[in-house]
Amino acid sequence: MLFPKKVKHRKWHRGRGRRRDPIATAGTTVSFGDFGLKALDASWVTARQLEAARRAIARHVKRGGKIWIRVFPDRPVTFHGNENPMGGGKGAVDHYVVPVKPGAVLFEMGGVTEEIAQSALRLASYKLPVRTRFVKKVL
């Protein structure tokens, strides 16, 4: 699973939800491969979900071609535990997520045919909490 090797701040604030500009401005085009999986919704995608999607792609293409993961889960999410009394500070870091905005490319593929890429990325989309769209590289 993906997680940062080293962090500057171990625990982050959660944030205030929706921002002023909810649409992704960077990482919106297919850059490395020929085909990509683009997010249509905003959500937190966990490292486990990314790994499950990556495995689904790799299994479908029988380890052929090349896969790029364009997002990295670097945001820590803390968990305080059930049936604990109030107080005692903030909980321990439980897992890492990546905040995904609409328009962000999550995965890219190269070295396979369009039909194989489309079916592999469709399988990966079932593992993710966001609606996605199959996109091709614009020449």
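Residues take numbers from 1 onward in each chain, read along the sequence in its written order. The predicted origin of the model limits local features to residues at a pLDDT of at least 70 and limits the giving and counting of side-chain atom pairs to 80 or more, whereas totals for whole chains, interfaces and linings rest on all residues. For side-chain calculations, the full set of non-hydrogen atoms in the structure is used, while hydrogens and water are omitted.

Draft legend 1. Representation of the pairing of strand β6 (residues 105-110) in the model. Classification of residues uses two cut-offs on accessible area relative to the type maximum, computed with a 1.4 Å probe and protein chains only: under 20% is buried, over 50% is exposed, and between them is partly exposed. In this description a helix means any DSSP run of H or I spanning at least four residues, a strand means any run of E spanning at least two, and both kinds are numbered starting from the N terminus. Taken across its six residues, β6 has six buried, putting it largely inside the fold. When DSSP finds at least two bridges between two strands, those strands are taken to pair. As paired strands, strand β1 (residues 35-39) and β6 are joined by four bridges and run antiparallel to one another. Paired with L37 across the strands is F107, a residue of β6.

Draft legend 2. Quick peek at the nonpolar core. Buried Ala, Val, Leu, Ile, Met, Phe, Trp, Tyr and Cys residues form a nonpolar core when they are joined through side-chain atoms within 4.5 Å. The biggest cluster of nonpolar side chains holds 23 residues, and the ones touching the most others in it are I57, V100, L106, F107, M109, L121 and L128. Contributing elements (two or more residues each) for this core: β1, α1 (47-60), β5 (92-100), β6 and α2 (114-125). Examining the composition of this core, we find that four residues originate from one element, α2, more than from any other. For this analysis, residues touch if any pair of their heavy atoms sits within 4.5 Å. Once residues lying within four places of it in the same chain are set aside, the contact partners of L128 are L37, V45, Q49, A53, L106 and F107.

Draft legend 3. Structural detail: the pattern of salt bridges. Salt bridges are identified by distance alone: a Lys or Arg side-chain nitrogen within 4 Å of an Asp or Glu carboxyl oxygen. This model, assessed by the stated rule, comprises five salt bridges. The partner of D41 in a salt bridge is R131, with the nearest N and O atoms 3.0 Å apart. With D41 in the loop between β1 and β2 (43-46) and R131 in the loop between α2 and β7 (132-136), this residue pair connects regions lying 90 residues apart in the sequence. With a closest N to O distance of 3.2 Å, E51 and R55 form a salt bridge. Of the two residues, E51 and R55 both sit in helix α1, four residues apart, roughly one turn of that helix. E51 gets classed as buried once you look at its relative accessible area, which sits at 16%. Members of the salt-bridge network, linked through shared partners, are E51, R54 and R55.

Draft legend 4. Local environment of the side chain of S125. On the secondary structure map, S125 appears in helix α2. Assessed through its relative accessible area of 16%, S125 is described here as buried. Two N or O atoms form a polar contact when they lie within 3.5 Å of each other; inside protein one atom must be a possible hydrogen donor and the other a possible acceptor, and for residues adjacent in sequence the pair counts only when both atoms belong to side chains. Side-chain polar atoms of S125 contact the backbone oxygen of R122, separated by 2.6 Å. Not counting residues within four places of it along the chain, the set of residues in contact with S125 comprises L37 and T132.

Draft legend 5. Main features of the side chain of E108. Tracing the backbone through its elements, the reader meets E108 in strand β6. Of note is the side chain of E108, whose polar atom sits 2.2 Å from the side chain of R70. Apart from residues no more than four positions distant in its own chain, E108 is found in contact with T29, V30, S31, F32, G33, F35, G36, K66, I67, W68 and R70.

Draft legend 6. Examining α1 more closely. Take the residue count of a helix, subtract one, and multiply by 1.5 Å to get its expected span. Here α1 spans 20 Å end to end across 14 residues, near enough to the 20 Å set by a 1.5 Å rise per residue. Taken residue by residue, α1 has A47, L50, E51, A53, A56, I57 and A58 as its buried positions. Residues of α1 that are buried in the fold lie against β2, β3 (66-69), β5, β6 and α2. Positive phi shows up at K62, right after α1, with a value of about 50°.

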